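Listed here are the chains, written in short residue letters.
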Amino acid sequence: MDTRKLLVFTMKKSARLATLLIAISFLSFMLISYSPIDPVQAYVGADMMRVGPEQREKIAEYWGLDKTPLQQFTHWGTAALGGNLGTSMIYRRPVIEVIRDRFLASLALMMIAWLVSGVLGFALGVIAGMKEGTWIDRLIKWYCLTLASTPTFWLGLLLLIIFAMGLGWFPIGLGVPAGVLAEHVTMGDRMKHLILPALTLSILGVANVALHTRQKLIEVLSSEYVLFARARGEKGLLLFWRHGLRNVALPAITLQFSAFSELFGGAVLAEQVFSYPGLGQTTVQAGLRGDVPLLLGIVIFSALFVFTGNLIADLIYQIVDPRIRQGGSSL
């Protein structure tokens, strides 16, 4: 790989990332500032009737809420450039620590869903492509199109009603059993609470990969070199192994990496439905209670998460596909 082109590629991506972070931080801050939520009232909660005007002023002064929105953003931005994202008003801990703890719980959920949906979607796409026009192909297409139009929260509620409330196979919610001390929670307990949220995200993530892989495989199987291979007697799995796998695997892998944004958005809804204590549920709490530092920290972190997925997808294409390396827009 050319070092100069790699350096230029890195600089362009870094500039785009910096611009993106500044823009989304500013827009998010403005949206929160002009939202109808009173951060002081959300901070005090049910004890608001016991808090006088002077105490409200002191609370606002302590959290810097008595300044204008521009002054607040400038103060936050200056601290953020130094690596300090502020202190969460809800958890009263540094924002970085809250995000780190919650993201570790969400990471297990998202990675399981990402792997399962990728493998299952790819397998269904290959089967549909190899059996084009048959009842199997129509069944898989119907299944994928139905999933593509299914809301995450609806599917989560459906699984919750069937497998948790109806059959009683899994716990109704939370990340660990209620009322059990942390030192007594086993890995099996955590996995049992993880299955339904991960299953929800996995089922919904199948559709895009399966439909994309099916269409790509149909194009490959109708190409001239595959027709020549058929004429030599190749068919079935041997034909797919020799001529189809490599051509459809790369688009499927890059599609999965570029789907990090959908994965994160789906995790927010799934965690809310199952009361799973991950970053998604923390995002909802920060928004509802006007925790500006925590919400901005999560916005930046989610942008970095999605950007990393897209960057990996770009690098895979650049490294593996020689046609892109030779193109004008390559590294």
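By the naming in an unreviewed UniProt entry, the protein chain is Binding-protein-dependent transport systems inner membrane component, taken from Alkaliphilus metalliredigens. The UniProt entry for the protein chain carries the following comment under Sequence similarities (unreviewed entry): "Belongs to the binding-protein-dependent transport system permease family." Per its UniProt entry, the protein chain bears the Subcellular location (unreviewed entry) comment "Cell membrane".

Asker: An account of the overall build of the protein chain is requested, with residue identities and associated values reported.
Answerer: Along its length, the protein chain carries 14 helices and zero strands. Counting helices and strands in the order they occur from the N terminus, the protein chain gives α-α-α-α-α-α-α-α-α-α-α-α-α-α. For the protein chain, the spread of C-alpha atoms along the three principal axes comes to 85 × 60 × 35 Å. Taken over 331 residues, the protein chain has a buried fraction of 41%. In the protein chain, once contacts between residues fewer than 6 apart in sequence are set aside, the share between residues at least 24 apart is 72%. Entry remark: accessible area of the protein chain is about 18900 Å², with carbon and sulfur atoms responsible for 66%. A distance of 10 Å separates the average location of the 28 positive side-chain charges in the protein chain from that of its 21 negative side-chain charges.

Asker: Could you give an account of the nonpolar core, naming the residues involved and the relevant values?
Answerer: Counting 40 residues, the largest nonpolar core has Met 110 and Leu 294 as its most contacted members. Put simply, the parts of the chain that give this core at least two residues each are α1 (3–33), α4 (69–81), α5 (95–130), α8 (187–221), α10 (236–257), α11 (260–274), α12 (279–288) and α13 (292–320). Take this core: its biggest share by element is eleven residues, from α13. If you count residues domain by domain, this core takes at least three from each of domain 1 (25–94) and domain 2 (96–324). Apart from the residues lying within four places of it in its own chain, the contact partners of Met 110 are Phe 103, Leu 263, Phe 264, Ala 267 and Phe 305.

Rules and cut-offs
Residues numbered from 1 in each chain as written. Predicted model: local features only at pLDDT ≥ 70, side-chain atom pairs only at ≥ 80, totals over all residues. Heavy atoms only, no water. UniProt positions renumbered as here; feature names shortened; annotations may be inferred. Helix = DSSP H or I, 4+ residues; strand = E, 2+ residues; numbered from the N terminus. Buried < 20%, exposed > 50% of the residue type's maximum accessible area, 1.4 Å probe, protein only. Contact = heavy atoms within 4.5 Å. Areas by Shrake-Rupley, 256 points an atom, 1.4 Å probe, with all protein chains shown as cover. Lys, Arg positive; Asp, Glu negative; His and termini not counted. Charge placed at Lys NZ, Arg CZ, Asp CG, Glu CD. Core = buried A, V, L, I, M, F, W, Y, C linked by side-chain atoms within 4.5 Å. Domains from an automatic or database assignment.

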